[in-house]
Amino acid sequence: PAAFAQKYSPDWTSLKAHTVPNWFEDAKFGIFIHWGLYSVPAWAPPSGELGKVDMSRWFYQNAYAEWYLNSIRLKDSPSYKHHVETYGADFDYYRFGQAFEQQNRAWKPQNWASLFKDAGARYVVLTTKHHDGYTLWPSKVPNPKRPQGGINSPRDLVGDLTKAVRGAGLHMGLYYSGGLDWTFETRPIATMGDLRTTAPQTEEYARYADAHWRELIRLYQPSVLWNDIGYPKLGKPEALFADYYNAVPEGVINNRFSVEYSDFTTPEYAKYDKITPKKWESCRGLGFSFGYNQVEGPEHVIAPEALIELLVDIVSKNGNLLLNIGPKPDGTISEIQLNRLNALGAWLKTNGDGIFGSRPWVRPSAKTTAGGDVRFTKKGDALYAFLLGRAAGPSTVVGLTLAPGSTVRLSGGRSVAWKKTGDGTTFELPANSPAAGPVALSITPAPAA
Ligand SMILES: C[C@@H]1N[C@H](CNC(=O)[C@H](c2ccccc2)C2CCCC2)[C@@H](O)[C@H](O)[C@@H]1O
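Quick notes on the rules
Residue indices follow the written sequence of each chain, beginning from 1 at its first position. Only residues with pLDDT of 70 or above have their local features reported here, since the model is predicted, and side-chain atom pairs are shown and tallied only from 80 upward, although totals for entire chains, interfaces and linings are computed over all residues. To get the side-chain values, all heavy atoms of the structure are used, and hydrogens and water are removed first. Numbering of helices and strands runs from the N terminus; a helix is a DSSP stretch of H or I covering at least four residues, while a strand is a stretch of E covering at least two. Burial classes: relative accessible area under 20% of the type maximum marks a residue as buried, over 50% as exposed, and values in between as partly exposed (1.4 Å probe, protein chains only). Residue contacts are defined here by distance: any two heavy atoms, one from each residue, within 4.5 Å place the two residues in contact. Computed with a 1.4 Å probe, the accessible areas rest on the Shrake-Rupley method; for each residue, only the protein chains presented here act as cover. Only four residue types enter the charge count, namely Lys and Arg as positive and Asp and Glu as negative; His and the chain termini do not. The atoms used to mark charge sites are NZ of Lys, CZ of Arg, CG of Asp and CD of Glu. Here a cavity denotes a set of grid points, spaced 1 Å apart and computed over the protein atoms alone, in which a 1.4 Å probe fits but from which it cannot get out, and a pocket denotes an open set meeting protein on both sides within 12 Å along at least five of seven lines; residues with an atom within 4 Å of a point are reported as lining. Grid points are joined across faces, edges and corners, and a volume is the space filled by probe spheres set on the points. Under this grouping Gly is polar, as are all residues other than the nonpolar Ala, Val, Leu, Ile, Met, Phe, Trp, Tyr, Cys and Pro and the charged Asp, Glu, Lys and Arg. A molecule or strand has a residue near it when one of that residue's heavy atoms lies within 4 Å. Counting of polar contacts relies on pairs of N or O atoms within 3.5 Å, with two restrictions inside protein: one atom must be capable of donating a hydrogen and the other of accepting it, and residues adjacent in sequence are counted only when both atoms are side-chain atoms. What is meant by a nonpolar core is a set of buried Ala, Val, Leu, Ile, Met, Phe, Trp, Tyr and Cys residues, joined one to another through side-chain atoms within 4.5 Å.

Moving on: the overall build of the protein. In terms of helices and strands, the protein carries 13 helices and 15 strands. Reported as C-alpha extents along the three principal axes, the dimensions of the protein are approximately 75 × 55 × 40 Å. Classification of the 449 residues of the protein by burial places 59% in the buried group. The contacts of the protein with a sequence gap of at least 6 include a subset with a gap of at least 24, amounting to 70%. Total accessible area on the protein stands at roughly 17,600 Å², and carbon and sulfur atoms take up 54% of it. Each charge class in the protein was averaged separately, 48 positive and 43 negative side chains, and the resulting centres sit 4 Å apart.

Empty space among the atoms can be located by rolling a probe the size of a water molecule over them. Estimated volume of the largest pocket: approximately 610 Å³. As for the largest pocket, its lining consists of 34 residues, and the residues nearest its centre are L195, D228, I229, G230 and R256. Within the residue set of the lining of the largest pocket, elements represented by two or more residues are α3 (55-58) and α9 (192-197). In terms of residue class, the lining of the largest pocket is built from 19 nonpolar, 9 polar and 6 charged.

Let us now look at the site of the ligand. Residues in close proximity to the ligand total 17 residues, the closest being H34, E66, W67, H131 and D228. Note that a nitrogen atom of the ligand is positioned 3.5 Å from one of the side-chain N or O atoms of R256. Considered on its own, the ligand offers 570 Å² of accessible surface; in the complex 82% of this is hidden by protein. Grouping the constituent residues of the shell around the ligand by class yields 10 nonpolar, 3 polar and 4 charged.

A few words on helix α11 (residues 237-247). Inspection of α11 places P237, L240, F241, A242, Y244, Y245 and N246 among the buried residues, and these make up the whole buried set. Buried residues along α11 sit in contact with α1 (12-15), α10 (203-220), β4 (224-227) and β5 (252-253).

Glancing now at the nonpolar core. Ranked by internal contacts, the top residues of the largest apolar core, which has 118 residues, are F29 and F116. Leave out the neighbours within four places in its chain, and F29 touches A119, G120, A121, R122, Y123, L311, L321, L323, L344, L348 and F356. By size, the runner-up hydrophobic cluster in this structure holds 20 residues, among which are A391, V397, V408 and L410.

This part is about the environment of V374. If you trace the backbone, V374 turns up in strand β9 (residues 373-379). When its relative accessible area of 0% is taken as the criterion, V374 is described as buried. Remark: the alpha-carbon pair of V374 and V312, spanning 62 residues in sequence, is separated by 9.6 Å. Sequence-distant contacts of V374, defined by excluding residues within four places in its chain, comprise P364, S365, A366, K367, T368, A385, F386, L387 and V397.

In C-alpha cells, the structure reads:
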C-alpha cells in the first residue's frame, strides 16, 4: 500500500473502525516484563494479591516491588524500614541507577527471547518507563525536572530486546507509565485519592509523555501500546492513536489511556467469569509483585498447575494471559519463575493446539459428574474440551452431546473412546494423566451446542 496511507484520522469515529488483528486474537499468551531501578533493591512485603488486600492498607504494605520508591516515601512502611537498614535513610532511590546500568551490561536479550519462545509465549511487553520515570531506552526527549539526566538507560535495552524477540518470531509490545511519573510529582501515594491527585496534568508533562510515546513508535514500531494508569488530558491521545495505527496497522492499544476507545481491556490480578465479546487480557505477576521481589517464596507464587489452568480458563472466555516476569538487574531470572515458565511451556507443547488460534465456543465451561471443571475452546471444525484437575479414567462431561461417529483424540493424537450417557458424554481417559495440567480432548465435528 502507498506509504502515505492515512487510513485513520485523529477522531474517535475513525479510530473505532480499527478491529483487533488476528495475531492478537490468536496469541493467547504473552510475557510481561517489569525491569528497572526497582529491580536492584527487589524488596516488598508479600502482603497479598491486588484485590485481596484492603485498599486502605494496600499502599502502606505494597506487594508491588516496582513501587519501592513510593513505599520508602511512606515512613511507616516495611519498605522504609528495610531501606534504612540496608542502604541508609539518605540513600536516594535514583542512585540504584549505577548498579542497574553496571549489572545489565552482562545481559543477553536472546536468552530471554528463547526462554519466552520455549514457554509458548507469542508476544512480549517490556516496561519502557515505569512510575519512577527511568527510561529503559536512551531517550533524546529531555526531562525538564531532571536537567542533570540520570534517568535514561545508556544501553538501548528496549531496542536490544525488541530485536531479539522479533528474531525469535514473537511480537514486541511496549509498556509506558503515562499516568504516573514520580520525577514530575514527588508526593507519596498513600490512598487511591493520592493516585489521582499525583497524576501530572501539566501541559509540560503531556508534551513529555506524547513525545516519549512518539519516540518509541518511531524507533521500535511496537505491536502493542500498553499504557498504564491513565494519560494526561492534554496529551491528545486520538492524534497519537491515529498516527500509531497509520504507522503500525497490525498494532493494538490497551484501555489504560482511559479514553473512550481501546482494542482490549486489562483486568489486573483478575479475570472475567464469562465470555466477553470485547477482547481482554488478564495481567499478573507469578507472585504478588511485577518487579522482582527477592522475598517471595513458593507460598506467594502461583503453583505450576494453577498457572496452566488459569491460562485455559482465560482463553475459554476470550482473553489473553499477560504473565509477568521480574528479572534481576543482570537479566537473570529466579529459579521459582523459570520453573513455572517451563511447566507452562511443557504443557503447551503437547496441548497447545486447542489454545493457540482458538476462539471461545458457545459456552466456556461445564462440569463432570465427579465435580471436575471443564473448559471449552473451538478451532476449525473441532471442539476442544480441557478437563481440569488431573482427570483420569471414565469421565462424564455433563450436558455435552456429540454427533454419532464423532472422533475424540487426546492432544498428541491418541484416540479416546466415548459414549452417550443420560448426563452427557463419558470419555474413557487414560488411568493417569502423565504431565501436570488439564487433559485436552479434541472432538470433531464440534457439536453445535
Ligand atoms: C501492571 C501493573 N499496573 C499497575 C497500575 N495499576 C492500576 O492502575 C490499578 C488498576 C487495576 C486494574 C484496572 C485498572 C487499574 C489501580 C492502581 C491500584 C489499584 C487499582 C502498576 O501500578 C503496577 O506497578 C504494574 O505496572
